[in-house]
Structure formats: structure tokens, C-alpha cells
Amino acid sequence: MADAADVETQNTARTVISEERYASVVQSARESLGKWAHAMGGDKVEEVVTTVLAGAGFLAPPPEPEPDQCSAMYPDEVGDWWQCQEEPGHDPADGHDAGEWSWPDDAPEAVPPRA
């Protein structure tokens, strides 16, 4: 489990790419994999693309936040986004907690809560 101290030690923020760019990379991966993309399944191809992009310093766009939770999000080391599980409008000075991940409101790569 990562904590705020782990998050703060990340010294280089990764770049979030657009939905269009992400879709293009996924499509290129599917085309490159040919018949193996079908065998792997769409979710697995996207998982591999997300992980490879994260390793290269790029993040897939964050998903739409789940309702009735704080909308702040943070990406883990493989590029998966975690949403804060606190109540919407909680004090951001307390940081954000997604169960397995916690981070301060101003952490690099963090998506702050929506207004």
C-alpha cells in the first residue's frame, strides 16, 4: 500500500494523454497484435497499453469519477487511476484515500476534486 510519503517521493510527473491519442495507441496495438489481440481480449490489450505508456511516462486519461465519492484521483505505478473514497467536499488538507492509495491534494499527477 502506498502512502502520502511514497507519493511525494515521485520526482517526475507523467503526462496525461488525450482520449483520442489513447484510443489511437490502443488501436495500433490491436493492429500490431493481429489475431493475438482477439485472443487476449480488448480489456487485456488496454491494460497492457496503459502499463507500457505509464512506464514510458504517459498516462491514459482518468475515468469519469464515481458519484457520491470525492472526485479526486491519483494514478499508481502502472497507470491505473484510483478515486478518493471520502465524502464529496471533505477537507482536502486531510489528503485523499482510495483504500490502497493515499495522497495529498497537491501531489504530482493528482487530479484534484471537481468543483
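On a predicted model such as this, the values are computed, not experimentally measured, just so you know. (Residues numbered from 1 in each chain as written. Predicted model: local features only at pLDDT ≥ 70, side-chain atom pairs only at ≥ 80, totals over all residues. Heavy atoms only, no water.)

**Regarding the side chain of S71**
Along the polypeptide, S71 turns up in the loop between β2 (58–59) and β3 (73–75). Here R114 takes part through its backbone nitrogen, which lies 2.7 Å from a polar atom of the side chain of S71. (Helix = DSSP H or I, 4+ residues; strand = E, 2+ residues; numbered from the N terminus. Polar contact = N/O pair within 3.5 Å; in protein donor to acceptor, adjacent residues only side chain to side chain.)

**Let's talk about the packing of aromatic side chains**
How two aromatic rings sit relative to each other is set out by the distance from centre to centre and by the angle between their planes. Applying the stated rule across the entire model yields two aromatic pairs. A ring pair is formed by Y74 and W101, whose centres lie 6.2 Å apart and whose planes are at 40°; its orientation type is tilted. Here Y74 is found in strand β3, whereas its partner W101 is found in the loop between β5 (96–97) and β6 (102–103), with 27 residues between them in sequence. Like Y74, the residue W101 is buried in the burial classification. For the ring pair Y74 and W103, a centre distance of 5.6 Å and an interplane angle of 25° mean the geometry is stacked. Pair noted here: Y74 is in strand β3 and W103 is in strand β6, with a separation of 29 residues, a long-range link. Grouping residues by exposure puts Y74 and W103 together as buried. A network of ring pairs unites the aromatic residues Y74, W101 and W103 as a single cluster. (Phe/Tyr/Trp six-rings, centres within 6.5 Å; stacked < 30°, edge-to-face > 60°. Buried < 20%, exposed > 50% of the residue type's maximum accessible area, 1.4 Å probe, protein only.)

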